[in-house]
Amino acid sequence: MEKFDVKKVKSILEIYDQQGEFVFPEEMELDEKQKEFLSGYLCAQMYEAAELEEGKEEEIRQQILQVRSKYCEEILKLLFNEGELYHGDLAQKMKLSPSGLNSIIKKMQEGDTPIINMMQIGKYKIYTLPDEVRKYMEKKAHPKQRQVVDSPKNSRNLLLCLQRFVEKADYNWKEIMNRLLLGDEEEISDDIRNCFRDLMTQVQWAEENDEDSFAEIKKALKNDVLIYLLEEYLDEIRECELIREEILSRKNGKRLLRHFVLQ
């Protein structure tokens, strides 16, 4: 008898709990047990897809490390932002000689997971990112908010997160928080934005689970405008999460169910 992978089963059950009720096509007449079975099947499929994606991301990460060049990630960032660049333009933006860039590109194309595409048109070389690398860079550029299970949430962690944000943002931290709550991230450093996201994760948890801690953070802000913007921000997060859950439920549920039926 095959031994259960406890970690895998727990992860699938977590997905099951997060998804709630799947939306089944009306043409399918299912009793409650069949619905439970298919819901479990869909969650397992989603888990396998997530595992494959994580494996691909790890391959890309390892390939970047194997290039062993400080310019590698900068090249990826440039291509992520620009879409495509000619060899000469890329060399100029990186302040490298064309031959120096050649050696780096060669390393980036080696290995099982090439992390850059090259297209030759006559004597010109044009570089782009493979789809998987673009997705990887997208995640790095816009990291998701950490889930509640990432770290214990309590009033101490909440105030520590606020302290880290204030230290990073310095004397004009209220103005920067105001901008971030309004969605304006222009010219704000990654460190400050990451501290803000950590803080908002803790604040969101406190609002839903700990009224005293949530009251403490509002008291610490000492600014009616910031408190108002914070509450508006949290309302928007809740609304977005509800929409996202509904879209995921309908998209994944219907697509996978139809696939299952066709099999």
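Residues numbered from 1 in each chain as written. Predicted model: local features only at pLDDT ≥ 70, side-chain atom pairs only at ≥ 80, totals over all residues. Heavy atoms only, no water.

Asks: Can you walk me through helix α5 (residues 98–109) in this structure?
Replies: Taking 1.5 Å of rise per residue, the twelve residues of α5 would be expected to cover 16 Å, and the 16 Å separating its terminal C-alpha atoms lies within 8% of that figure. Looking at α5, one finds that the buried residues are Leu 101, Ile 104, Ile 105 and Met 108. Buried residues of α5 fall within an arc of 100 degrees about the axis and therefore sit on the same side. Exposed and oriented more than 90 degrees from the buried face of α5 are Ser 99 and Lys 106. Directly beyond the C-terminal end of α5, a positive phi value near 90 degrees is found at Gly 111. (Helix = DSSP H or I, 4+ residues; strand = E, 2+ residues; numbered from the N terminus. Expected span 1.5 Å × (residues − 1). Buried < 20%, exposed > 50% of the residue type's maximum accessible area, 1.4 Å probe, protein only. Arc of directions from axis to C-beta.)

Asks: How do you make sense of a nonpolar patch on the surface when you look at a structure like this?
Replies: Residues Tyr 86, Met 119, Ile 121 and Tyr 124 make up a contiguous nonpolar surface patch of about 420 Å² in total accessible area. As for its placement among the helices and strands, Tyr 86 is situated in strand β1 (residues 85–86). (Patch = residues over 30% accessible without salt bridge, like charges linked within 9 Å, V, L, I, M, F, W, Y side chains within 5 Å. Areas by Shrake-Rupley, 256 points an atom, 1.4 Å probe, with all protein chains shown as cover. Salt bridge = Lys/Arg side-chain N within 4 Å of Asp/Glu carboxyl O.)

Asks: Help me understand the nonpolar core, please; the structure alone is not making it clear to me.
Replies: Nonpolar side chains tend toward joint burial in soluble globular proteins. If you look at the biggest cluster of nonpolar residues, it comprises 29 residues, and the most contacted ones within it are Phe 165, Met 177, Leu 181, Leu 199 and Val 203. When residues of this core are traced back to their parent elements, those giving at least two are α7 (155–169), α8 (173–181), α9 (190–209), α10 (211–221) and α11 (224–262). For this core, the leading source of residues is α9, giving eight residues. (Core = buried A, V, L, I, M, F, W, Y, C linked by side-chain atoms within 4.5 Å.)

These results come straight from atomic positions and should not be treated as a statement about function.
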